[in-house]
Amino acid sequence: MVQIPLEEQKTERVSAAFVILTRNGDLKDLRETLVQLEDRFNRRYHYPYVFLNNEPFSDEFKEKISQVATGDCKFGLIPTEHWSYPSFINQTKAAEVRKDMTDRNIIYGGNESYRHMCRYESGFFFRHPLMDEYKWYWRVEPGVKFGCDIDYDPFRYMEENNKKYGFTISIKEDIETIPTLWNTTMKFMKDHKNMIPATNLMEFVTDKDGGYNRCHFWSNFEIASLDFLRSKEYLAYFDYLDQAGGFFYERWGDAPVHSLAVSMFLNKNQVHWFEDIGYFHGPLWNCPSGKTNSKCWC
């Protein structure tokens, strides 16, 4: 574990952790990301890390990651039932879909593992036993960059200001990956009217005429409430989507799934744009402007 001078140490933390879905082959990229994250933020707070993999982590991975992290590192194996086909999925049909999407040059269209990842990030990472003790998570991915000093605690900001979901970048989803996701969501809302609060954020995902605009929060960066994902409302929505089969019969991503859930179940005041966090996930930057940029290299 990295040793930090006493004057830079702050031990007052909320119940939170970084969560990183990764593999042994990501070691170099992930170390570079963590060095930046530690330098820009975590060397002052020492929040713990939870690393998750559908295959066992190597000793080399665990040793070299722990060398650059100032917080405790926990390494977890994803249960097979969370990274495999549920019994109600027709795997022949799923394979035919992947071939068709490959032929049509749809991004990740033929990638089987990517679909398991999207389903896992949508419905299971927060159920891993290593996450049980935490109330907040910050999602990090190998290879991302942090371009600005973060001189406050985003976790504490979320907790003290009654926020539930934080993001840096929002974009539009490729409709060819989610052709029935919106209609499936509308059916869920119709069947579960009692779960949808009157004040929500559906305007973020809809046009003026009420149609789906494909906007979503880019979920490779999230600082959010685990209680929100553990709620009966979110779990009901995920289960409804899962039974519909779109993670495998189409290519539903966790970003539009999370974004639609946030839009249904939360209101504007519970969602926060971390405008001041310089963040890069190829090919896009969130780079602050004005005085905030004086703390940035982007």
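These notes cover the structure that comes with them. Bear in mind the structure is a predicted one, so any value in this text is a computation, not a measurement.

**Observations concerning the state of the cysteines**
Every disulfide links exactly two cysteines, by a covalent bond between their sulfur atoms.
Here comes step 1: Scanning all chains against the criterion turns up two disulfides.
Here comes step 2: Residue Cys287 pairs covalently with Cys298 via a disulfide, S to S 2.1 Å. Looking down the S-S bond of the Cys287 and Cys298 bridge, the torsion is 95°, so its handedness is right-handed. Separated by eleven residues along the polypeptide, Cys287 in the segment after β12 (284-286) and Cys298 in the segment after β12 bring together distant segments of the chain.
Here comes step 3: Judged by relative accessible area, which is 33%, Cys287 ranks as partly exposed.
Here comes step 4: Along the protein chain, the cysteines engaged in disulfide bonds are linked according to the scheme 1-3, 2-4 when indexed in sequence order.
Here comes step 5: Take Cys118: it sits in no disulfide, and the sulfur closest to it among the cysteines is that of Cys215, at 18 Å.

**Some remarks on empty space enclosed by the protein**
Here comes step 1: In this structure the tally under the stated criterion is two cavities of 30 Å³ or more.
Here comes step 2: One number sums up the size of the largest cavity: a volume of about 50 Å³.
Here comes step 3: If you trace the largest cavity, you find it lined by Val19, Ile20, Leu21, Leu52, Glu121, Phe125, Arg139 and Val140.
Here comes step 4: Tallying contributions element by element places strand β1 (residues 16-21) first for the lining of the largest cavity, with three residues.
Here comes step 5: A per-class count over the lining of the largest cavity returns six nonpolar, no polar and two charged.
Here comes step 6: Lining the second largest cavity we find Asp149, Ile150, Asp151, Tyr152, Asp276, Ile277 and Lys295.

Conventions and cut-offs
Here the residue numbering is sequential within each chain, running from 1 through the sequence in written order. At least 70 in pLDDT is required for a residue's local features to be given in this predicted model, at least 80 for side-chain atom pairs to be given and counted, and no such filter applies to totals for whole chains, interfaces and linings, which use all residues. Excluding hydrogens and water, the side-chain figures rest on all heavy atoms present in the structure. When the sulfur atoms of two cysteines come within 2.5 Å, that pair is taken as a disulfide. Secondary structure is summarised from DSSP: a helix means a run of H or I of at least four residues, a strand means a run of E of at least two, and numbering begins at the N terminus for each. For every residue, the accessible area (1.4 Å probe, protein chains only) is compared with the maximum for its type, and the residue is labelled buried under 20%, exposed over 50%, or partly exposed between those bounds. Think of a 1 Å grid over the protein atoms and nothing else: a 1.4 Å probe that fits but is trapped marks a cavity, an open set flanked by protein within 12 Å on at least five of seven lines marks a pocket, and residues with an atom within 4 Å of a point count as lining. Grid points are joined across faces, edges and corners, and a volume is the space filled by probe spheres set on the points. In this classification, the charged set is Asp, Glu, Lys and Arg, the nonpolar set is Ala, Val, Leu, Ile, Met, Phe, Trp, Tyr, Cys and Pro, and all remaining amino acids, among them Gly, are polar.

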